[in-house]
Amino acid sequence: MDFLNALVALSNFVIIPAIAYGSQLALGALGVTLIYGILRFSNFAHGDTMAAGAMFTIFVTWLMQSAGINLGPLPTALLALPFGILGCMALVLFTDRLVYRFYREQKAKPVILVIVSMGVMFIMNGLVRFAIGPGEQRFADGERFIINARTFKAMTGLDEGLVIRTSQGITVLTALIVVALLFWFLNRTRTGKSMRAYSDNEDLALLSGINPERVVMYTWLIVATLATIAGVLYGLDKSFKPFTYFQLLLPIFASAIVGGLGSPIGAIAGGFVIAFSEITITYAWKKVLIYLLPESLEPSSLVQLLSTDYKFAVSFVILLIVLLFKPTGLFAGKAV
């Protein structure tokens, strides 16, 4: 029984949160890796693009809630999500026409586009804060739990109760569907094959009659979709705060680079590597060890390697290690 209690405690505080967080990072990293693989620059504005997409969704969610429109046990934000995606698509296409297109026509080096994306990042961050405010915003409604601790304890007789929040279940299910659709699109559709061809060899793709501006447009549309979904899922699971999405840029880039920048499969794997690393290293293991160890060896401290305040430092250290010893990442990226 003690082992089962330890397993439930581990699931509550490490396994389930890490799977949900890893799914969110994977969706964010997919957007970064698509921009890098197809448009050939690192988009530092991606975190704030997620914030903007989530903000549009929140505004529509609040409007629906005030009108009495809801999805019952599911969050109303899922109903508002398509409108948030459309808003984010309009924003990124406007930004591309206003900013990035000029530098593409000038054949600017990738490092110039990186610096430009940093400028876009600060402007977008400021606009989101101005529009929705700098504070924490909660917009989740519906049923809070799929499984709650009291019901699980009554069913099993264990001391520990398994808890699975609705937002966690929605995150994992949505991530699976989105990733499957993305890979189907890239591998099965004519537009997806054109994007892959443009990524592999731009000159040969142009000679084959592929329209580069069309490829750029579809890339931004897909990135806006991924960013909005990732931003909304993160906001439902935690809460929405613009500066948090600015901070998320580090673990998202770490996920993309660890997996192999430019590799969609690597972005997904990297997201889960970063998520499990952050949560495992910052978790206080005392509760689990009390169940597993004899009473004489029970720890008196929290058995926590790092405080949760330093969770982003874990991403940074992993990123440094990968860049030093395997710069191409786990899946040798740079190809979509």
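For the structure, see preceding data.
Residues numbered from 1 in each chain as written. Predicted model: local features only at pLDDT ≥ 70, side-chain atom pairs only at ≥ 80, totals over all residues. Heavy atoms only, no water.

1. Quick word on a nonpolar patch on the surface
A cluster of nonpolar residues, M1, F3, L4, L7, L292, L293 and L297, forms a patch on the protein surface that exposes about 700 Å² of accessible area. Ranked by residues supplied to the nonpolar patch, first place goes to helix 1 (residues 2-39) with three residues. Tracing the backbone through its elements, the reader meets L292 in helix 13 (residues 286-292). (Patch = residues over 30% accessible without salt bridge, like charges linked within 9 Å, V, L, I, M, F, W, Y side chains within 5 Å. Areas by Shrake-Rupley, 256 points an atom, 1.4 Å probe, with all protein chains shown as cover. Salt bridge = Lys/Arg side-chain N within 4 Å of Asp/Glu carboxyl O. Helix = DSSP H or I, 4+ residues; strand = E, 2+ residues; numbered from the N terminus.)

2. Remarks on unusual backbone geometry
Look at R40: it is not a glycine, yet its phi comes out positive at around 65°. Along the chain, R40 turns up in the loop between helix 1 and helix 2 (46-66). The phi torsion at V303 lies on the positive side, around 55°, for a residue other than glycine. The topology assignment puts V303 in the loop between helix 13 and helix 14 (311-325).

3. Quick word on the packing of aromatic side chains
All told, the structure shown has 11 aromatic pairs when counted by the stated rule. Seen from their ring centres, F13 and Y283 are 6.0 Å apart, and the 15° between their planes marks the pair as stacked. Within this pair, whereas F13 is found in helix 1, its partner Y283 is found in the loop between helix 12 (264-282) and helix 13, the two being separated by 270 residues in sequence. An angle of 40° between the planes, with centres 5.2 Å apart, marks the rings of F240 and Y245 as tilted. Residue classification places F240 among the buried residues on the basis of a relative accessible area of 0%. The rings of F13, Y283 and W285 are connected pair by pair, giving a single aromatic cluster. (Phe/Tyr/Trp six-rings, centres within 6.5 Å; stacked < 30°, edge-to-face > 60°. Buried < 20%, exposed > 50% of the residue type's maximum accessible area, 1.4 Å probe, protein only.)

4. Things to note about empty space enclosed by the protein
Per the counting criterion, the structure on display carries one cavity of 30 Å³ or more. By volume, the largest cavity is sized at about 50 Å³. N43, A45, T49, V92, T95, Y100, V120, M124 and W220 are the residues that line the largest cavity. Contributions of two or more residues to the lining of the largest cavity are made by helix 3 (77-105) and helix 4 (110-132). A per-class count over the lining of the largest cavity returns six nonpolar, three polar and no charged. (1 Å grid on protein atoms, 1.4 Å probe; cavity = no way out; pocket = protein on both sides within 12 Å on 5 of 7 lines; lining within 4 Å. Points joined across faces, edges and corners; volume = space filled by probe spheres on them. Nonpolar A, V, L, I, M, F, W, Y, C, P; charged D, E, K, R; others polar.)

5. Focus on the side chain of T189
For T189, the location among the structural elements is in the loop between helix 6 (166-188) and helix 7 (190-200). A distance of 2.5 Å separates a polar atom in the side chain of T189 from the backbone oxygen of F185. (Polar contact = N/O pair within 3.5 Å; in protein donor to acceptor, adjacent residues only side chain to side chain.)

6. Concerning the pattern of salt bridges
According to the stated counting rule, one finds eight salt bridges in the structure shown. Its salt-bridge partner being R138, residue E136 comes within 3.2 Å of it at the nearest N-O pair. Look at R138 and you get exposed, because its relative accessible area is 60%. Among the ionic pairs, K287 bridges to E160, the shortest N-O distance being 3.4 Å. Residue K287 is found in helix 13, and its partner E160 is found in the loop between helix 5 (149-156) and strand 2 (164-165); the two are separated by 127 residues along the sequence. A single network of salt bridges, built from pairs that share partners, joins D96, R104 and E213.

7. A short note on the packing of helix 2 against helix 4
At a closest axis distance of 9 Å, the pairing of helix 2 and helix 4 adopts a crossing angle of 20°. The pairing of helix 2 with helix 4 is recorded here as roughly parallel in orientation. Between helix 2 and helix 4 lies a crossing of left-handed hand. Across the interface between the two elements, D48, T49, A51, A52, M55, I58, F59 and W62 from helix 2 touch M121, M124, N125, V128, A131 and I132 from helix 4. Residue composition of the contact of helix 2 with helix 4, grouped by class: 11 nonpolar, two polar and one charged. (Axes fitted to C-alpha atoms, helices over the stretch in contact; angles between N-to-C directions. Parallel < 35°, antiparallel > 145°, perpendicular 65-115°, else oblique. Left-handed = near helix turned anticlockwise from the far one by under 90°. Contact = heavy atoms within 4.5 Å.)

8. Re the nonpolar core
Grouped together as the largest cluster of nonpolar side chains are 87 residues, with contacts concentrated most on L27 and F240. The contacts of F240, once residues within four sequence positions are left out, are A51, A54, M55, I58, V128, I132, G135, E136, Q137, F139, G235 and Y245. By size, the runner-up hydrophobic cluster in this structure holds five residues, among which are V8, I16, F152 and L162. (Core = buried A, V, L, I, M, F, W, Y, C linked by side-chain atoms within 4.5 Å.)

9. Quick notes on helix 4
Over its 23 residues, helix 4 runs 32 Å from end to end, which matches the ideal 33 Å to within 8%, given 1.5 Å per residue. Among the residues making up helix 4, those that are buried are L113, V114, V116, S117, V120, M121, M124, N125, V128 and I132. Looking at the buried side of helix 4, the elements it contacts are helix 2, helix 3, helix 10 (242-247) and helix 11 (249-259). Following helix 4 by one or two positions, G133 has its phi on the positive side, about 95°. (Expected span 1.5 Å × (residues − 1).)

10. Some words on the side chain of H46
By secondary structure assignment, the location of H46 is in helix 2. Setting aside its immediate chain neighbours within four residues, H46 contacts G28, G31, V32, V223, A227, L249 and I252.

11. Brief notes about the environment of W220
For W220, the position within the fold is in helix 9 (residues 212-237). When its relative accessible area of 3% is taken as the criterion, W220 is described as buried. For the pair formed by W220 and G231, sequence separation is 11 residues and the distance between their alpha carbons is 16 Å. Aside from chain neighbours lying at most four places away, what touches W220 is I35, L39, F41, N43, V92, L93, D96, Y100 and R104.

Remember that the coordinates give geometry; whether it matters functionally is a separate question.
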